[in-house]
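Per-entry structural report
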Amino acid sequence: MISERCAACKNQRRKCPSDCIFSPCFPANDPQKFACVHKIYGGSNVGKMLQGIPTYLREQAANALYLEAKWRIHDPVYGCVGIISSLYEQIQNAEIELAKIQTQITFYKLQTQRVEAEPNSEVLQAQSSNMEQFEWDNPTIASWFN
Amino acid sequence: MVKELPIHQRADAVSSLVYEANARVRDPVYGCVGAISYLQNQVSELQMQLAVAQAEILCIQMQHEPSVAAAIPNPQQIMEFQEQNNNNNELTHHHHHHHQYLNFAASSSNVIHDSLSRETLFGHDMVS
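1. Brief notes about the overall build of chain A
- Of regular secondary structure, chain A possesses six helices and zero strands.
- Residues counted as buried form 37% of the 146 residues belonging to chain A.
- Within chain A, contacts between residues separated by at least 24 positions form 42% of all contacts whose residues are at least 6 apart in sequence.

2. Re the overall build of chain B
- Check the secondary structure of chain B and you find five helices and zero strands.
- Along chain B, from the amino end to the carboxyl end, the secondary structure elements read α-α-α-α-α.
- Looking at chain B as a whole, 32% of its 128 residues qualify as buried.
- Accessible surface for chain B amounts to roughly 7,900 Å². Of this, 55% is attributable to carbon and sulfur atoms.

3. As for helix 4 (residues 58-74) of chain A
- Between its terminal C-alpha atoms helix 4 of chain A stretches 24 Å, which fits the 24 Å expected from 17 residues at 1.5 Å a residue.
- The buried fraction of helix 4 of chain A amounts to 13 of the 17 residues, a majority that puts the element mostly inside the structure.

4. Some thoughts on the pattern of salt bridges
- Under the counting rule described, the total for this entry stands at four salt bridges over all chains.
- Note that Arg72(A) is salt-bridged to Glu20(B), the shortest N-O span being 2.7 Å. Of this pair, Arg72(A) sits in helix 4 while Glu20(B) sits in helix 1 (residues 7-26), each in a different chain.

5. Structural notes on the packing of aromatic side chains
All names here are of chain A.
- As enumerated under the stated definition, the model contains four aromatic pairs over all chains in all.
- Feature note: the residues Phe 22, Phe 26 and Phe 34 constitute an aromatic cluster, connected by ring pairs.
- The ring of Phe 26 is capped by Lys 33, whose NZ or CZ atom sits 5.7 Å from the centre of that ring.

6. Re the confidence of the model for chain B
All names here are of chain B.
- Of the residues in chain B, 57% reach a pLDDT of 70 or more, and the chain-wide mean stands at 72.
- Below pLDDT 50 for its whole length, residues 90-128 participates in 73 contacts with residues either more than four positions away or in separate chains.
- Among the scores for the predicted complex, ipTM is 0.71 and pTM is 0.63.

Procedures and definitions
- Residues numbered from 1 in each chain as written.
- Chains lettered and ligands numbered in written order.
- Predicted model: local features only at pLDDT ≥ 70, side-chain atom pairs only at ≥ 80, totals over all residues.
- Heavy atoms only, no water.
- Helix = DSSP H or I, 4+ residues; strand = E, 2+ residues; numbered from the N terminus.
- Buried < 20%, exposed > 50% of the residue type's maximum accessible area, 1.4 Å probe, protein only.
- Contact = heavy atoms within 4.5 Å.
- Areas by Shrake-Rupley, 256 points an atom, 1.4 Å probe, with all protein chains shown as cover.
- Expected span 1.5 Å × (residues − 1).
- Salt bridge = Lys/Arg side-chain N within 4 Å of Asp/Glu carboxyl O.
- Phe/Tyr/Trp six-rings, centres within 6.5 Å; stacked < 30°, edge-to-face > 60°.
- Lys NZ or Arg CZ within 6 Å of the ring centre and 35° of its normal.
- pLDDT = per-residue confidence, 0-100.

Given below as structure tokens:
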């Protein structure tokens with residue numbers, strides 16, 4: 001039984017050894033993956049990069065390289081850095097918006113506190129006018145309190 | 001690859017390649033993709049905080065008009081509605097696990113097509 005070559009070895013038209021560093025990361029069923037990273041980074045560079053990474057992380061690294069290569073093909077000038085810059089911009093705009101709304105909330109809360117304080121002062125005024133009326137009606141008794 | 005670009009864009013291209021290379025030195029496994037994943041999380045977090053704040057302010061405004069308040073949904077309903085709207089927007093959905101950056105690839109074209117002033121890109125230190 002002939003075991004199938006990985007996508008990298010197929011692409012490079014060579015034999016795929018049993019300990020091929022590419023085969024776990026670039027399975028034969030996805031030729032696009034290796035084609036992309038090869039176009040941007042070069043197959044041998046990818047191999048060197050993968051060698052510096054522990055085996056259990058190599059597939060994740062290959063996936064990340066694939067994404068970066070895809071974005072670079074899509075945007076040859078900025079690649080994934082364009083996405084990073086737009087994310088920063090989104091974050092900035094969201095922070096500004098959030099600050100605005102929080103300021104509004106604070107403003108409303110302060111207004112509410114002021115409005116709640118006013119009815120009390122009306123009650124106090126009502127009480128003092130009651131006292132005046134009491135003194136007028138009962139001058140003798142009122143004088144006991146002064 | 002850079003030689004195929006028009007001359008006025010080559011400096012930016014090289015700068016972005018340097019940025020990517022540095023990101024990969026700092027994080028040999030995920031490189032830039034790790035940074036993107038982190039920033040996406042931040043965006044999601046902020047959008048949630050925004051939704052909470054917007055719901056709160058709607059609540060406060062409705063308290064000033066009690067006759068209208070009866071007909072209005074409660075803050076929880078407002079937030080769920082806004083979350084649905086946010087999910088329809090460009091960037092990603094907020095599942096906090098490593099593979100979310102793979103989902104991002106599908107919607108990335110929306111972000112790339114937005115017209116941004118990228119001249120400011122390298123004017124400040126974007127390395128977090």
